[in-house]
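These are the residues of each chain, in order.
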Amino acid sequence: SSCSDSNNNNICSHPIQQRQRNQRKQQLTKISMMSSSSNEGDATFANASASKNIATFDGDEKAKATDFANYFSAYSQLYHQKQMLTDHNRMAAYHAAIVGNSEIFKDKVVMDVGTGSGILACWAAQAGAKRVYAVEYTDMANHARNVVRANGLDHIVTVIQGAVEEVVLPEEDWERFGLTLQNGKTDQQQPEGETKKDQRVVDIIISEWMGYFLLRESMLDSLVRARDTFLKPTSGLMMPSHATMMIAPIVDEEERKHQQNEYAAGMEDWKEFAETTSNLYGVDMSVLENNFDREQKEYYVMGSKWAELPTSCLLAECAVVKELDMHVCTVEDARGVGLSVGEDEGSGAPFDFDVVGRSLAENDDVGGLAGPISGFAGWFTVDFKSRTDDAGKDVAPQVPNPAYLSTGPEMGYTHWGQQVFHLPSAIPLLADQTTRIQGTLEMMRTKDSARLYNVRFRFSSSRRRTSSQDRDGDVLMKGKPEELVYQIP
């Protein structure tokens, strides 16, 4: 992906239309964030199971109900579906991956995990699939059935409402559609030690499972379990097949200062409220000021923000912090980034950026940047290509026309946008000096919601003369180590 502006023009401007989108999304995410944090420490209402998995896997009925209210219910609204369907970068990538590769869909069995309106399932049928299972947890399944029927595809596509972890393929389909296991057998076998019969008859799993900064929403857990339950182990294909997460330092001072001002205004408003309540009603509310301050700071200062950044905001080439092969990744991979196995922290994913300040030399073609460093931006890309894992690369069909989707600044608008992590105070760039930002990123699930994530940055900054060839020597300034934790609302 393109991670820097070729003209070295880092005047980061936000169009009015983007600010309106930002405000709309931030209003929605603030409600989500406040409602999730209000239950902090109360395991009774957590939308995670006792084993810290998403509720649809092994949660009790109360956890499932909470998970539906906090997460799935939004996807049952056509307004939300329309937002995704009008994301043309998203639509074009999936259409190219499916319809543009009709030869590998012809006469195949396909599963669409989280079908929503059913459009991906319809494309799979139009591409020649003989059977498509469109799995949808919410009542959007009813709309999907109508879409499938209206497009004359209900003889190929069947919509199954329920959690994919609980789906069992219809018995009659084995004979009706000639379902076969990878070994060619047409009868269901029950593997030793398993309670369910072998259902690995699906040739291709398609899904639009990605959330903000890829992992938010934790739908990857469900996708991994669907793959291990239904996909033919070595000949099956996942679409998308690979995913990559990246970050880059950015200049975004207007928005950073706007958030700081919003926080300051909120606290001034609280003080006026407390004084008015005391004077008029005789009750001292100042005891709650620290709690209100924490809420406001978590949202305005230490909560990430959705943004549609221009490439001019990028100050350095992006760094990859996680890569996923969808054919072999695990539920453990879905837990976060840079974590030790089974833990909520680890050594982190490393990053190391050099940001070059403006040059004072008249004949210097390097140019450099004015800055300052306002924070970090995170986004992801996905590929739709052939298998690369050892078990499947020589067995599964080759994807003749690979497709690609980026949610980075170079793509313009996508409904995912980028997640921006503003620093509490900006790092200035000085002329003829290079600022180095070196550290690690960890991403882990929050304590109260299995679908929300915190991101921890540990880093330090230093400056050296741009003319110096030694990154570790000739240091002019070295800042103290910083640790910042943000919530992706």
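Figured I'd write up the structure that's included with this text. Since the model is a prediction, treat every value here as computed from it, not as a measurement. (Residues numbered from 1 in each chain as written. Predicted model: local features only at pLDDT ≥ 70, side-chain atom pairs only at ≥ 80, totals over all residues. Heavy atoms only, no water.)

A few points about the sheet that holds strand β2 (residues 131-136)
A sheet is described by the order of its strands in space; here 5 strands give the open sequence β3-β2-β1-β4-β5, paired in parallel fashion. The sheet is open, and its two edges are formed by β3 (157-161) and β5 (237-239), each paired on a single side. Averaged over all neighbouring strand pairs, the angle between strand axes comes to 20 degrees, with direction disregarded. Sheet topology note: the β2/β3 ladder contains 5 bridges and is parallel. Paired with glutamate 136 across the two strands is glutamine 161, which belongs to β3. Packing against the sheet, helix α10 (residues 219-230) makes contact with β1 (109-113), β4 (204-206) and β5, and its axis sits at approximately 160 degrees to β1. (Pairing = 2+ DSSP bridges. Helix = DSSP H or I, 4+ residues; strand = E, 2+ residues; numbered from the N terminus. Axes fitted to C-alpha atoms, helices over the stretch in contact; angles between N-to-C directions. Contact = heavy atoms within 4.5 Å.)

Concerning the pattern of salt bridges
Taken as a whole, this structure holds 25 salt bridges when the rule is applied. Ionic pairing is found between arginine 464 and aspartate 354, a salt bridge with its closest N-O pair at 2.7 Å. In this pair, arginine 464 is assigned in strand β15 (residues 453-465) and aspartate 354 in strand β10 (residues 349-356), connecting sequence segments 110 residues apart. Looking at arginine 464, the relative accessible area reads 8%, which means it is buried. (Salt bridge = Lys/Arg side-chain N within 4 Å of Asp/Glu carboxyl O. Buried < 20%, exposed > 50% of the residue type's maximum accessible area, 1.4 Å probe, protein only.)

Looking at the environment of alanine 307
On the secondary structure map, alanine 307 appears in strand β7 (residues 305-307). Separated by 113 residues in sequence, alanine 307 and valine 420 have C-alpha atoms that sit 6.6 Å apart.

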